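Architecture and fold: a report
Residues per chain are reported as follows:
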Amino acid sequence: MKRFAIFTITSLFISGIVKPNLMFGQQSSKNLATSAYGGDTILVWTTKTPLSEEKHYVIEGKQEMRIYISDGKRDTTIFADICDYTMEKYKAELNSRKIRELPIEKIDADLVFTYFTIGESVEDVTRRLGKKKVHVSNRGYEVVFFNKFSKKNEVFELCFINGKLSSISRPSTNTLPTNNVWMAFQLLELKDILDNLKKIR
């Protein structure tokens, strides 16, 4: 698909100089109504290489903004439309945000990987689990979620490193949760204290 770039801005990080350059091309007819997809600026996908980074945003549900960072420079291009790939990523991000806003009671097993985000703090994860029962493992929490398709409970392991959610897995076998989540959080801290005492001895 040919894109229509409204303008490109090149700036130097250090000096703060901005040099606008106009770019023209053929405009695509694929625009998205703001009312249907929200009115803010959302980061939808990012690519990184050892030498550069490229971020793609959707503005007000109808324009795409690309920021290309390389060698201390930042090139920003705003397009009049949204390419197909970015549109797919945008819709997926909107769907993920809706899922993350649901109460924990509404989360089915197949939604767990979307509901929690890698990098969340253990405090935020604990708060979002609410009254959900958990089991404390050596690496974090084991939590049961019901799978409405298989009609069975499935156990997920939420692992933490340095107080941040580092991985989410669905082991084939695990211990079912037995403790209230707030008690589990306290037990997890207590376990760390006891482990440290053992090392000292």
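Residues numbered from 1 in each chain as written. Predicted model: local features only at pLDDT ≥ 70, side-chain atom pairs only at ≥ 80, totals over all residues. Heavy atoms only, no water.

**Details of the overall build of the chain**
For the chain, the helix and strand inventory stands at five helices and 11 strands. Long-range pairs, those at least 24 residues apart, make up 47% of the contacts in the chain between residues at least 6 apart in sequence. For the chain, the exposed surface amounts to about 12600 Å²; the carbon and sulfur share of it is 55%. (Helix = DSSP H or I, 4+ residues; strand = E, 2+ residues; numbered from the N terminus. Contact = heavy atoms within 4.5 Å. Areas by Shrake-Rupley, 256 points an atom, 1.4 Å probe, with all protein chains shown as cover.)

**Structural notes on the confidence of the model for the chain**
Confidence in the prediction of the chain, expressed as mean pLDDT, is 76, and 65% of residues score 70 or more. Mean pLDDT across the elements of the chain ranges from a minimum in strand β2 (residues 18-21), with 35, to a maximum in strand β4 (residues 52-59), with 93. Contacts for the low-pLDDT stretch residues 173-182, under 50 throughout, to residues beyond four places or in other chains number 33 contacts. (pLDDT = per-residue confidence, 0-100.)

**What to know about the pattern of salt bridges**
Applying the stated rule across the entire model yields nine salt bridges. Its salt-bridge partner being Asp40, residue Arg97 comes within 3.9 Å of it at the nearest N-O pair. Placement of the pair is Arg97 in helix α2 (residues 84-100) and Asp40 in the loop between α1 (34-37) and β3 (41-48), with a sequence separation of 57 residues. A residue is classified by how much of its surface remains accessible, and Arg97, at 33% relative accessible area, is partly exposed. When the shortest N-O distance is used, the salt bridge between Glu154 and Arg170 registers 2.6 Å. Here Arg170 lies in the loop between β10 (164-169) and β11 (179-180) and Glu154 lies in strand β9 (residues 152-161), a separation of 16 residues in the sequence. Exposure remark for Arg170: the relative accessible area of 36% places this residue in the partly exposed category. (Salt bridge = Lys/Arg side-chain N within 4 Å of Asp/Glu carboxyl O. Buried < 20%, exposed > 50% of the residue type's maximum accessible area, 1.4 Å probe, protein only.)

**Quick look at the nonpolar core**
Judged by nonpolar contacts, the single largest core of 19 residues is most densely connected at Phe116, Leu129, Phe145 and Leu158. Listing elements by their share of this core, those giving two or more residues are α3 (112-115), α4 (122-129), β8 (140-147), β9 and β10. Those residues within four positions of Leu158 in sequence are excluded, and the remaining contacts are Phe116, Val125, Arg139, Gly140, Tyr141, Val143, Leu165, Ser167 and Ile168. In terms of nonpolar packing, the next biggest core, distinct from the first, is built from eight residues, Ile42, Trp45, Tyr90 and Leu94 among them. (Core = buried A, V, L, I, M, F, W, Y, C linked by side-chain atoms within 4.5 Å.)

**Notes on the pairing of strand β5 (residues 63-70)**
In the sheet, β4 pairs with β5 via eight bridges, with the strands oriented antiparallel. If you follow Glu54 over to β5, its bridge partner there is Tyr68. The loop that links β4 with its antiparallel partner β5 comprises three residues; one of these, Glu60, has a positive phi angle of about 55 degrees. The pairing of β5 with strand β6 (residues 73-79) spans seven bridges and is antiparallel. Following the sheet pairing, Tyr68 is matched in β6 by Asp75. Hairpin connection from β5 to β6: two residues lie between these consecutive antiparallel strands, with Asp71 at a positive phi of about 50 degrees. (Pairing = 2+ DSSP bridges.)

**A short note on the pairing of β3**
Across seven bridges, β3 lies against β4 in antiparallel orientation. By the bridge assignment for β4, Leu43 is matched with Tyr57. Hairpin connection between β3 and β4: a loop of three residues separates the two successive antiparallel strands.

**Observations concerning unusual backbone geometry**
Glycine aside, residues mostly have negative phi angles, and peptide bonds mostly take the trans form. Residues other than glycine seldom take positive phi values, yet Lys151 does so here, at roughly 60 degrees. With respect to the helices and strands, Lys151 occurs in the loop between β8 and β9. Given the relative accessible area of 60%, Lys151 is considered exposed. For Asn162, which is not glycine, the phi torsion reads 55 degrees and is therefore positive. Taking relative accessible area as the criterion, Asn162 reaches 76% and is therefore assigned exposed.

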